[in-house]
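As a plain string of letters, each chain reads:
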Number of protein chains: 2
Amino acid sequence: MNFLPIQLFDSESSTYTYILAADGEAVLIDPVDKHCERDLAHLERLGLRLAYVLETHNHADHVTSAGRLRQLTGAKTAAPSGCGIAPAEVQLNHGDVLRFDASEEIHVIHTPGHTAGSVCYLWRGNLFSGDTLLIDGCGRTDFQSGSAEALYHSVTERLFTLPEPTMLWPAHDYKGRSVSTIGWEKRNNSRLSSRSLEDFVQLMNNLNLPPPRLMDVAVPANRNLGLPH
Amino acid sequence: MNFLPIQLFDSESSTYTYILAADGEAVLIDPVDKHCERDLAHLERLGLRLAYVLETHNHADHVTSAGRLRQLTGAKTAAPSGCGIAPAEVQLNHGDVLRFDASEEIHVIHTPGHTAGSVCYLWRGNLFSGDTLLIDGCGRTDFQSGSAEALYHSVTERLFTLPEPTMLWPAHDYKGRSVSTIGWEKRNNSRLSSRSLEDFVQLMNNLNLPPPRLMDVAVPANRNLGLPH
Ligand SMILES: [Fe+2]
Ligand SMILES: [Fe+2]
């Protein structure tokens, strides 16, 4: 009856967490530590058993609740194989299909660039793009194994080739925007829609952003699914 | 490809606005004046033409952008017939079905109580409940033709009788909750799940809430779809 993504927000880090709500089971993507109770309450109200907790990458701006959710619900944790999140029992590679509920399929698309291991998840025409492709933007590529060149190839070859009506659900937005489509980003994304690889790399390498405030805490914590390490 | 509700938030009044995204057309429910540009940008990114703007009732806590959206997009405005929103060209009654996109149907459920004219909208197993039924709560009934007795009947006879997995999308939440289900509310809503009519009426008539800050501005403005009057 449901089969829809539910978007939840963390106002401190401007992070979006997603519940993929199917019939009897759900999947969480990129849950944030301090919202663990909120997320569990949503699952309870929806009457859904948590099948998996997925990470799109190792986040530098917030700590995941994946490990705690696993402890509390028995859900499995799944992370991209290239992210060094060793305690996740499911290590995902490009082309993998993760199954939940009766016959739901989540397709794994490896999209290096924001980090070398970053992936996107595709479910029922909804792309959960992590920090790879943002609404009218993209993730930074200047730390944590980031590569502007790799991100350019990932977006133009693996995301902009998806059907245009594919809904784009990013891991962050800082301007009150919730959702976009592949078609719109392909035509209008101010960083990626009509820029050559060379221009893009130059742009990204000159952003001069400060490091994320929580990076030194978040990255090692997330490598352990947010559990004490 | 889409056919899903998108939930947008106004943090000032804690109001949820909904986009019902179908294939080529969309409907907006309870849009807020200051987010008009945000909402139009979403429609543009999704590549959807706005077919209707719906109000669940005459709001006392924010001003609608329905009139302005009609001017800017040519969408039709629709409001419950009992809400005194005369300039809305579609006046909705209990049992009406509003059609959009190729074959999408929105069912109108008259649920007096928060206001005498309040309605809920049902689309594809999603109930947009306005201020009638909130997550673990309900709308106040102490002004604007409100009636605790009517609200009790509306919720118990017209909403709690819907299929249990029906998703509940309220017009407000003040505690970071996004969505619930009819089943959960029927069993757990602290105001309505296991209270007699008499108890409920007594509870509601003793809440002693202050009037909404914007009431004297919002109610007359909303009667005119938010346009100057
Ligand atoms: Fe990130
Ligand atoms: Fe209201």
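The residue numbers shown here count from 1 along each chain, following its written sequence. Each chain is given a letter, starting from A, and each ligand a number, starting from 1, according to the order in which they appear as written. This being a predicted model, a pLDDT of at least 70 is required before a residue's local features are given, and a value of 80 or more before pairs of side-chain atoms are given or counted; all residues contribute to the totals for chains, interfaces and linings. Excluded from the side-chain calculation are hydrogens and water; included are all heavy atoms of the structure.

## Notes on the environment of B:Glu25
Residues and elements named next belong to chain B. Put simply, the rule reads: Under the DSSP-based scheme used, a helix requires at least four consecutive residues in state H or I and a strand at least two consecutive residues in state E, with every element numbered from the N terminus. Each residue is placed in one exposure class: buried if its accessible area under a 1.4 Å probe, protein chains only, is under 20% of its type's maximum, exposed if it is over 50%, and partly exposed if it falls in between. Here, residues are in contact when the closest pair of their heavy atoms is within 4.5 Å. Here a polar contact is taken to be a pair of N or O atoms separated by no more than 3.5 Å, where protein atoms must pair a possible hydrogen donor with a possible acceptor and residues adjacent in sequence count only if both atoms sit in side chains.
Topologically, Glu25 is positioned in strand 3 (residues 25-29). Taking relative accessible area as the criterion, Glu25 reaches 16% and is therefore assigned buried. When neighbours within four sequence positions are excluded, Glu25 is seen to be in contact with Leu20, Leu48, Arg49, Ala51, Phe100 and Asp101. At 2.5 Å, the side chain of Glu25 forms a polar contact with the side chain of Arg49. Within the local environment of Glu25, its side chain forms a polar contact with the backbone nitrogen of Asp101, the two atoms lying 2.7 Å apart.

## A few points about the coordination of the iron ion (ligand 1)
Residues and elements named next belong to chain A. Note the cut-off: Keep in mind that water is not among the atoms, so a site may look incomplete; donors are the N, O and S atoms within 2.8 Å of the metal, or 3.2 Å for Na, K and Ca.
His57 (NE2), His114 (NE2) and Asp131 (OD) make up the full set of protein donors to the iron ion (ligand 1), lying at 2.1 to 2.3 Å. Spacing between the donor residues of the iron ion (ligand 1) along the chain follows H-x56-H-x16-D. One end of the pair, His114, is in the loop between strand 8 (104-110) and strand 9 (119-123); the other, Asp131, is in the loop between strand 10 (126-128) and strand 11 (133-134), with 17 residues separating them in the sequence. A single burial state applies to His114 and to Asp131, both of which are buried.

## A short note on the coordination of the iron ion (ligand 2)
Octahedral metals with six donors have ideal donor angles of 90 or 180 degrees. Tetrahedral metals with four donors have an ideal donor angle of 109.5 degrees. For the iron ion (ligand 2), every protein donor is listed as B:His57 (NE2), B:His114 (NE2) and B:Asp131 (OD), and the spread of their distances is 2.1 to 2.3 Å. When the donors of the iron ion (ligand 2) are listed by position in the chain, the intervening gaps give H-x56-H-x16-D.

## Describing the pairing of strand 5 (residues 76-80) of chain A
Residue and element names in this part refer to chain A. Our working definition: When the strands point away from the viewer, a crossover counts as right-handed if the route from the first strand across the helix to the second turns clockwise. At least two DSSP bridges between two strands are needed for those strands to be called paired.
Among the five residues in strand 5, four count as buried, and that is most of the element. As for the winding sense of the linkage, the β-α-β connection from strand 4 (residues 49-54) through helix 2 (residues 66-73) to strand 5 is right-handed. As paired strands, strand 5 and strand 6 (residues 90-92) are joined by three bridges and run parallel to one another. Looking across to strand 6, one finds that Pro80 is bridged to Leu92.

## So, the sheet that holds strand 4 (residues 49-54) of chain B
Residues and elements named next belong to chain B. Operational definition: Axis geometry follows a simple rule: fit a line to the C-alpha atoms, using only the stretch in contact for helices, then measure angles between N-to-C directions, giving values from 0 to 180 degrees.
Pairing is mixed in the open sheet, where six strands are placed in the order 1-2-3-4-5-6. Both edges of this open sheet fall to strand 1 (4-10) and strand 6 (90-92), since each of them pairs with a single strand only. The mean inter-strand angle of the sheet, taken between neighbouring strand axes irrespective of direction, is 25°. Two strands pair when backbone bridges link them, and strand 2 (residues 15-21) and strand 3 are joined in this way by four bridges, in the antiparallel orientation. Bridging from a neighbouring strand, Tyr18 pairs with Ile29 of strand 3. Along the sheet face, helix 1 (residues 36-46) touches strand 1, strand 2, strand 3 and strand 4 and points at about 155° away from the line of strand 1.

## Side note on the interface of chain B and chain A
Convention followed: Buried area is understood as the total, over both parts, of accessible area removed when two parts are fitted together, assessed with a 1.4 Å probe. For this document, the term salt bridge refers to a Lys or Arg side-chain nitrogen within 4 Å of an Asp or Glu carboxyl oxygen. Under this grouping Gly is polar, as are all residues other than the nonpolar Ala, Val, Leu, Ile, Met, Phe, Trp, Tyr, Cys and Pro and the charged Asp, Glu, Lys and Arg.
The interface is formed by 28 residues belonging to chain B together with 28 residues belonging to chain A. Here chain B and chain A share an interface that buries about 2,200 Å² over both sides, 65% of which is from carbon and sulfur atoms. On inspection of chain B and its partner chain A, the count reaches zero salt bridges. The interface formed by chain B and chain A holds eight residue pairs in polar contact (both at pLDDT 80 or more) in total. Partitioned by chemical class, the residues of the side of chain B that touches chain A number twelve nonpolar, ten polar and six charged.

## So, the relation of the copies chain B and chain A
One copy of the chain maps onto the second through a rotation about an axis and a displacement along it. Here is the rule: When the copies are superposed, the least-squares fit draws on C-alpha atoms of residues that have pLDDT of at least 70 in both.
Note on the copies: chain B fits chain A at an RMSD of 0.0 Å, the axial shift is 0.0 Å, and the rotation between them is 180°. This pairing of chains is accounted for by a two-fold axis. Rotation axis and chain B: the residue whose C-alpha lies nearest the axis is B:Leu4, separated from it by 3.3 Å. Both copies present the same face, since 100% of the interface residues in chain B are matched by interface residues at the equivalent positions in chain A.

## Considerations on the nonpolar core
Put simply, the rule reads: The term nonpolar core refers to a set of buried residues drawn from Ala, Val, Leu, Ile, Met, Phe, Trp, Tyr and Cys, joined through side-chain atoms within 4.5 Å.
Counting residues in each nonpolar core, the largest one holds 88 residues, and the members touching the most others are A:Ile6 and B:Ile6. Every residue in contact with A:Ile6, bar those within four places of it in the chain, is listed here: A:Thr17, A:Tyr18, A:Ile19, A:Ala21, A:Leu46, B:Met167, B:Trp169 and B:Val179.

## Some thoughts on the side chain of B:Arg45
Here is the rule we go by: Only four residue types enter the charge count: Lys and Arg as positive, Asp and Glu as negative, with His and the chain ends excluded.
Structurally, the position occupied by B:Arg45 is in helix 1. We note that B:Arg45 is buried and unpaired, the nearest opposite charge coming from A:Glu185 at a distance of 5.2 Å. For B:Arg45, the contacting residues outside a window of four places in its chain are A:Ile135, A:Arg177, A:Ser178, A:Val179, A:Ser180, A:Thr181, A:Trp184 and A:Glu185.

## A closer look at the packing of aromatic side chains
All names here are of chain A. What counts is decided by this rule: Any Phe, Tyr or Trp ring, taking Trp's six-membered ring, that has another such ring centre within 6.5 Å forms a pair; planes under 30 degrees apart are called stacked, those over 60 apart edge-to-face, and the others tilted.
One pass over the full model with this rule turns up twelve aromatic pairs over all chains. Geometrically, the ring pair formed by Phe100 and Trp123 is tilted, given 6.1 Å between the ring centres and 45° between the ring planes. Of this pair, Phe100 sits in strand 7 (residues 97-100) while Trp123 sits in strand 9, and the two are 23 residues apart along the sequence. For Phe100, a relative accessible area of 3% puts it in the buried group.

## Side note on the pattern of salt bridges
Residue and element names in this part refer to chain B. For the coordinates displayed, the defined rule picks out 23 salt bridges over all chains. One salt bridge in this structure joins Glu12 and Lys34, with 3.6 Å as the shortest N-O distance. Of this pair, Glu12 sits in the loop between strand 1 and strand 2 while Lys34 sits in the loop between strand 3 and helix 1, and the two are 22 residues apart along the sequence. Here Glu12 falls in the exposed class, since its relative accessible area comes to 54%. Between Arg70 and Glu89 there is a salt bridge, with its nearest N and O atoms 2.8 Å apart. One end of the pair, Arg70, is in helix 2 (residues 66-73); the other, Glu89, is in the loop between strand 5 (76-80) and strand 6, with 19 residues separating them in the sequence. Judged by its relative accessible area of 23%, Arg70 falls in the partly exposed class. Of the residues examined, Glu89 reaches a relative accessible area of 41% and is grouped as partly exposed.

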